[in-house]
Amino acid sequence: MKICSLADSEDQRVAELIHRSLVDWYGKNLGQGARFGDRSEPFLLFPRVYRELDPGEALGAFGGDGELLGVCFVHPRPTHVSVGIVATAPAAAGRGVARSLLAPVLERAAREGKPVRLVSSLFSLDSYSLYTRMGFRPGAIYQDLQFEVPQGGLAVPVPESAKRVRLAGVDDARRIAVFEQGLRGILREKDWVFFLTDRVLGWRVWIVEDPSGALSGVLVSGEHPDWGMLGPGCARDPESAAALVWRALDGRRGRSSVLLAPARETDLVRRFYGWGGRNIELHVAQVLGTEFPEAGLGFPTFLPESA
Ligand SMILES: CC(C)(COP(=O)(O)OP(=O)(O)OC[C@H]1O[C@@H](n2cnc3c(N)ncnc32)[C@H](O)[C@@H]1OP(=O)(O)O)[C@@H](O)C(=O)NCCC(=O)NCCS
């Protein structure tokens, strides 16, 4: 097996592999393959976004005949390295493909003295076991909550702080990055610049400020027709988080949206149930190496998994 950077010309094969691995794994193990649709095209977003953000950091595992066996996307940041998504072709499952893809990533992070961070499914023992066998330590649990926002908007009381939510501009990137580092320990300014400047894939970056004008939360909303997730984001307190999520959902009327909400924020999660949120999966944050002290609330996402 050979591990090397993926060329741009591999995008189609990469999208097909990610789609096939998810449909196959969730189909066989949970009877939920249909969740991922019947088209691989939406999964082209992964290689495209990641080439923009982290050129040369998408890895492929190739068999002797040039067959693509697995992929893994790496996100080196000043404070840490994140990994996601990792996927193995169903025919090559259980043969060490994912482990072989991760090994050089972990070695490099260790050389650079950086922790490796990711979010893994608690529905997939293959994924959970892969990382914990390699030394990752599980931490915060997240609930994947799905919302269907009617055309008329959510019929719920508007959170008090929603009036202080607005769309961020490019000038806010540095401020957001510093805010996130203060709360969550990670620095990833290039991600914020990307969300605020990319005009191809379409993102909205919502921020909320407290009455003194200080930032108290940020949340990205993916607006591309093939991408329905809210996040990444973080907030100083549950009220700021509720205001951001309400505003982002209100901007997605008639669409389905998924948010990874911190499971320990039980009052907020119950508020989200009241907004029609339904649990569709559980994820857990995993870290190999130093864990940063975390304050506030984090909202990770699968694109980019750079938290
Ligand atoms: C998760 C996934 C990437 C694993 O890929 P893979 O190439 O089959 O994994 P590997 O063979 O390299 O490693 C699996 C490891 O988990 C171990 N493992 C699997 N199930 C286990 C279990 N129930 N208990 C303990 N260990 C287990 C295997 O023994 C192996 O460890 P080892 O190398 O130390 O023996 C693959 O199942 C996949 O593509 N799933 C669909 C896409 C997905 O969900 N990706 C994860 C996104 S975070």
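A brief report on the enclosed structure follows. (Residues numbered from 1 in each chain as written. Predicted model: local features only at pLDDT ≥ 70, side-chain atom pairs only at ≥ 80, totals over all residues. Heavy atoms only, no water.)

## Some remarks on the overall build of the protein chain
Then step 1. In terms of regular secondary structure, the protein chain is built from eight helices and 13 strands.
Then step 2. In terms of C-alpha radius of gyration, the protein chain reaches 19 Å, essentially the compact-globule figure of 19 Å for 307 residues.
Then step 3. Once the C-alpha set of the protein chain is aligned to its principal axes, its extents read approximately 60 × 40 × 35 Å.
Then step 4. In the protein chain, which comprises 307 residues, the share counted as buried stands at 55%.
Then step 5. Considering only contacts in the protein chain between residues 6 or more positions apart, those separated by 24 or more positions represent 73%. (Helix = DSSP H or I, 4+ residues; strand = E, 2+ residues; numbered from the N terminus. Rg over C-alpha atoms; globule rule 2.2 N^0.38 Å. Buried < 20%, exposed > 50% of the residue type's maximum accessible area, 1.4 Å probe, protein only. Contact = heavy atoms within 4.5 Å.)

## With respect to the layout of surface pockets
Then step 1. In this structure, the second largest pocket spans a volume of roughly 320 Å³.
Then step 2. In this structure, the second largest pocket is lined by 23 residues; those nearest its centre are Arg117, Tyr142, Arg184, Ala285 and Glu294.
Then step 3. For the lining of the second largest pocket, the secondary-structure elements that each account for two or more residues are strand E5 (116-121), strand E6 (137-148), helix H5 (173-184), strand E12 (278-288) and strand E13 (297-299).
Then step 4. Top element by residues in the lining of the second largest pocket is E6. It accounts for five residues.
Then step 5. Taken together, the residues of the lining of the second largest pocket sort by class into twelve nonpolar, four polar and seven charged. (1 Å grid on protein atoms, 1.4 Å probe; cavity = no way out; pocket = protein on both sides within 12 Å on 5 of 7 lines; lining within 4 Å. Points joined across faces, edges and corners; volume = space filled by probe spheres on them. Nonpolar A, V, L, I, M, F, W, Y, C, P; charged D, E, K, R; others polar.)

## A closer look at the site of the ligand
Then step 1. Contacts to the ligand come from 20 residues, most closely from Val86, Thr88, Gly94, Gly96 and Arg99.
Then step 2. Within the contact set of the ligand, an oxygen atom lies 3.4 Å away from a backbone nitrogen or oxygen of Arg95.
Then step 3. Asp126 is positioned with one of its side-chain polar atoms (N or O) 3.4 Å from a nitrogen atom of the ligand.
Then step 4. The protein chains hide 76% of the 970 Å² of surface that the ligand would expose on its own.
Then step 5. Breaking the shell around the ligand down by element, the ones donating at least two residues are helix H1 (11-30), strand E4 (81-88), helix H3 (97-112) and helix H4 (125-133).
Then step 6. When grouped by side-chain class, the residues that make up the shell around the ligand number ten nonpolar, six polar and four charged. (Near = heavy atom within 4 Å. Polar contact = N/O pair within 3.5 Å; in protein donor to acceptor, adjacent residues only side chain to side chain. Areas by Shrake-Rupley, 256 points an atom, 1.4 Å probe, with all protein chains shown as cover.)

## Describing the packing of aromatic side chains
The relation between two aromatic rings is expressed through the spacing of the ring centres and the mutual angle of the planes.
Then step 1. For the structure on display, the rule yields 13 aromatic pairs.
Then step 2. Aromatic pair Trp25 and Tyr26: ring centres 5.2 Å apart, planes at 70°, arrangement edge-to-face.
Then step 3. Where Phe147 meets Phe272, the ring centres are 5.8 Å apart and the plane angle is 90°; that geometry is what we call edge-to-face. Residue Phe147 is located in strand E6, and its partner Phe272 is located in helix H8 (residues 266-274); the two are separated by 125 residues in the primary sequence. In terms of burial, Phe147 and Phe272 fall into one category: buried.
Then step 4. Members of the aromatic cluster, joined through ring pairs, are Phe43, Phe46, Tyr50, Phe73 and Trp227. (Phe/Tyr/Trp six-rings, centres within 6.5 Å; stacked < 30°, edge-to-face > 60°.)

## Comments concerning the packing of H1 against helix H2 (residues 45-53)
Then step 1. Running from amino to carboxyl end, H1 crosses H2 at an angle of 125°, the nearest separation of the two axes being 8 Å. Regarding the angle of H1 to H2, the classification is oblique. Where H1 abuts H2, its residues Asp11, Val14 and Ile18 lie against Phe46, Pro47, Arg48 and Arg51.
Then step 2. Taken together, the residues that form the contact of H1 with H2 break down as four nonpolar, no polar and three charged. (Axes fitted to C-alpha atoms, helices over the stretch in contact; angles between N-to-C directions. Parallel < 35°, antiparallel > 145°, perpendicular 65-115°, else oblique.)

## A word on H5
Then step 1. Helix length check: H5, at twelve residues, gives a terminal C-alpha distance of 16 Å against a target of 16 Å (1.5 Å per residue), a fit within 8%.
Then step 2. For H5, the set of buried residues is Ala173, Ile176, Ala177, Phe179, Glu180, Leu183 and Arg184. Along the axis of H5, the buried positions cluster into a sector of 160°, meaning they face one direction only.
Then step 3. Tucked inside the fold, the buried residues of H5 contact E6, helix H6 (189-197), strand E8 (203-209), strand E9 (215-222), strand E10 (230-235) and E13.
Then step 4. Looking at the residues trailing H5, positive phi occurs at Gly185, about 90°. (Expected span 1.5 Å × (residues − 1). Arc of directions from axis to C-beta.)

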